[in-house]
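Fold and geometry: a report
Given next are the chains, with one letter for each unit.
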Amino acid sequence: MGVDNRQIQTAVLEDPESDDPVVCPTDADELDEFREEFSETTFWCGVLLGGCGGQLLTRRGNVRVSHFAHFPDPDGLLPECGRRSRDVASADHLYVRTATQAWLRGQGHTPRYRYIDQDDAPVGSLVEIELDGHTLLLHMDPTTPPDWDATEAGDIILGPGVHIDHHTLVRRGYVNRVKFVSSGNQRVMMLGTELPHVGTDWDFELAECTVDEQGRLITPVVTCFEAARAARGQAPVPQPRSKKAEGPVQIGALTRLINNAVQKKETAAVRQLRDTAQLQVPRCEGQALEHLQRAIDHANDWIHQQNRVRRRFFAELDEAVRHGHIFNVSSLTPQVRKLFLRDVAATPQEAGILQAADTLLEEARRHAAQKRRAADERRAAAAREREECHAAAAEERKKRREAEPQERHAQLVTQAQGRKARNRARGQVQSITGRLRREELSTEQQKQLVEELVLAAKEAGDHLSAAEQHKVNEWVERIAAPAEEPDTPKSTSPAAQPQPATLTDPAELPAHLVPAAAAVRGALKKAARERTTTSWNRLEHQLGSALPSLSSNERVQVLVEADRSTAGDEPLLSSLLAAGDPHFAYQYYRHVLNALGLDAPDDDEDLRDVVEADTEQVFTDWRSR
């Protein structure tokens, strides 16, 4: 495939006949954003750009800048393209419509755009804007000079580099100009006005300009020029005393008057005298012309400076009004009005800005008065509310002082009752342990007394001494240990296991243990979902009254019942209890496995491995249940 070395920077959107231009970003990163913004749009080498009408693509630059490039044909060859200009300025004549259409419609015009194509001029050299019977003619190419004497030409506006001779500029008084600057992937229009001996003033925005009823482009500079020309008949031009001294006396007087007016900062007089002096230029020569031109240049410098100050003041005032900045508006309005004391009257646009500023200030004053009244009302309401709050707080403090003795008395009574209850429970613990030690009781009686002992110990709490708590624990362990056969020697192994024959058949689980089994299964399910192990003490703390104190034998029965509904291919939920309470695992978990018909390893290490594996499987199975 051929390489497109033309590096086209401009294209049109959607179709070859389009007048909607776009500029390709030169930076590679900006090109990525550009492609995303125009992902659903096609680019074309537009005929209004002097192009071939072929479709374009964007090419990311590695060595060169990013640019548009032509699509090759099926043979890999690039199309013939006669574009003579491929930089960003090649589409400036199309940006005229983009920049001015909304602006002209806002003034009530219905613009129609025509891009004149002449044989001896490149396309887009002339842009004609028709406005309700009038025409704005933009000369965009320096090679196509304007015809200043053509009656049908309309208001002529010069593009960048288009020349106007000094004689024509002086005769016309001014000429408007247009240029474009890049902003991202767009081009922004700027308007300016060129004056003789002054140059072009670009220091204003498109919104400050209008098109009048005669179809003329009126800029702020043109407004000032027209005002000065209207007042020119009143200019204080001194008359010579004799024909011989006519030239020198008149020129000398003009230069002195101009310099005095500038020194006194009388801008309106400077404008009038400057215009009068410009009319005298063709009559002068030699040293007189040199002095007069110096005075005109001095006046132009002063006027240009005052125009800039005036436009800046009005621009700042307009922006402050549009954004509602009251402080800035109130500060700028007196300064703006002060300008008119020594300068020409306000233009219609300036008068509109001042009217808007006065309206905004009046509304601000009314709003401030309303805010003051509302603030006074809020302060009065706040004062009444504070007084009511103070009164309520005083009443509350009084009630609290009166109620404090009763509350303290009730608290002391409650504390005393609590101490008495714990002391009674401690006495009950001592009584039960004495009975268990002294009396010959059956196993069932001992079991019942130990249950009462556990409840009493819980109620006594920290009133029990360490020795008393130790006795309670001894009796709990003694009753929880499985009964030994009379002829069976006593085992010294710490891992002595309860005989499976001592277990109650789970189908015959006592009725009072059925709720406990359900509560334990629910707690184990919750632990499985939370991926945590547990212990019997934690279950008792978690379930409270739903899990009464149980012997080890009853705990095994409860766990068997809790896991009876577990599927045969799933690990037991009670493995979480075995993992969190190793003592219980080695002592009793084997009985749970055996009761449910499962194999239990004899070796403790093997049992621990089984418990760990079952625990991980429980966590996996219950993760999403």
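Residues numbered from 1 in each chain as written. Predicted model: local features only at pLDDT ≥ 70, side-chain atom pairs only at ≥ 80, totals over all residues. Heavy atoms only, no water.

Remarks on the nonpolar core
Judged by nonpolar contacts, the single largest core of 36 residues is most densely connected at Val520, Leu547, Leu559 and Tyr589. A total of eight residues in this core trace back to one element, the largest contributor, which is helix α12 (residues 514-529). Those residues in contact with leucine 547, other than ones at most four positions away along the chain, are Ala516, Val520, Trp536, Leu539 and Glu540. Grouped together as the second largest cluster of nonpolar side chains are 35 residues, Ala91, Trp103, Leu136 and Leu138 included. (Core = buried A, V, L, I, M, F, W, Y, C linked by side-chain atoms within 4.5 Å. Buried < 20%, exposed > 50% of the residue type's maximum accessible area, 1.4 Å probe, protein only. Helix = DSSP H or I, 4+ residues; strand = E, 2+ residues; numbered from the N terminus. Contact = heavy atoms within 4.5 Å.)

Some details on the sheet that holds strand β3 (residues 43-44)
Ordered in space as β2-β1-β3-β4-β5, the five strands form an open sheet in which the pairing is antiparallel. Both outer strands of the open sheet, β2 (21-23) and β5 (67-70), are each paired with one neighbouring strand and no more. As judged from the four bridges shared by strand β4 (residues 55-59) and β5, these two strands associate in the antiparallel manner. Residue pairing for β5: arginine 59 is matched across the bridge by histidine 67. The sheet strands contacting helix α1 (residues 28-37) are β2, β3, β4 and β5, and the helix crosses β4 at an angle near 140°. Here helix α2 (residues 92-106) sits on the sheet and contacts β1 (10-13) and β2; the angle it forms with β2, its principal contact strand, is near 110°. (Pairing = 2+ DSSP bridges. Axes fitted to C-alpha atoms, helices over the stretch in contact; angles between N-to-C directions.)

Side note on the sheet that holds strand β12 (residues 199-201)
With mixed pairing, the seven strands of this open sheet are ordered in space as β6-β7-β8-β9-β10-β11-β12. Two strands bound the open sheet, and with one partner strand each, they are β6 (112-116) and β12. Within this sheet the neighbouring strands show an average axis-to-axis angle of 30°, counted without direction. Relative to strand β11 (residues 186-195), strand β10 (residues 175-183) is paired through nine bridges, and the arrangement is antiparallel.

Notes on helix α4 (residues 220-230)
Of the positions making up α4, those classed as buried are Pro220, Val221, Val222, Cys224, Phe225 and Ala228. Check the buried side of α4 and you find it contacts β10, β11, β12, β14 (217-218), α6 (267-280) and α7 (286-323).

Considering the environment of tyrosine 174
When you line up the elements, tyrosine 174 lands in the loop between α3 (166-172) and β10. According to the relative accessible area criterion, tyrosine 174 is buried, its value standing at 8%. Those residues in contact with tyrosine 174 that sit more than four places away from it in its chain are Leu169, Thr193, Glu194, Leu195, Arg216, Val222, Phe225 and Glu226.

Notes on the packing of α7 against helix α8 (residues 326-339)
Close contact between α7 and α8 brings their axes to 9 Å; oriented N to C, the two are set at 150°. Judged by the inter-axis angle, α7 sits roughly antiparallel to α8. Considering only the axes of α7 and α8, their crossing is left-handed. Contacts between α7 and α8 involve Arg310, Phe313, Phe314, Glu316, Leu317, Ala320 and Val321 from the former and Asn328, Val329, Leu332, Thr333, Gln335, Val336 and Leu339 from the latter. (Parallel < 35°, antiparallel > 145°, perpendicular 65-115°, else oblique. Left-handed = near helix turned anticlockwise from the far one by under 90°.)

Quick look at α6
An α-helix turns once every 3.6 residues. As a result, residues three or four positions apart point the same way. For α6, with 14 residues, the first-to-last C-alpha span of 20 Å sits near the 20 Å given by 1.5 Å per residue. For α6, the tally of buried residues reaches eleven of 14 residues, placing the bulk of the element in the interior. (Expected span 1.5 Å × (residues − 1).)

Examining the packing of helix α9 (residues 348-438) against helix α10 (residues 443-460)
Relative orientation and spacing of two packed helices are given, respectively, by the angle between their axes and the distance between those axes. Across the interface, α9 lies against α10 with an axial gap of 8 Å and an inter-helix angle of 155°. Comparing the axis directions of α9 and α10 gives the class roughly antiparallel. Crossing of α9 against α10: the hand is left-handed. Contacts from Ala421, Arg422, Ala425, Arg426, Gln428, Val429, Ile432, Thr433, Arg435 and Leu436 of α9 reach α10 at Gln446, Leu449, Val450, Glu452, Leu453, Ala456, Ala457, Glu459 and Ala460. Of the residues contributing to the contact of α9 with α10, the split by class is eleven nonpolar, three polar and five charged. (Nonpolar A, V, L, I, M, F, W, Y, C, P; charged D, E, K, R; others polar.)

Quick word on the environment of valine 222
Position of valine 222 relative to the elements: it lies in helix α4. Along the sequence, valine 222 and cysteine 209 sit 13 residues apart, while their C-alpha atoms lie 9.5 Å from each other. Those residues within four positions of valine 222 in sequence are excluded, and the remaining contacts are Tyr174, Asn176, Thr193 and Leu217.

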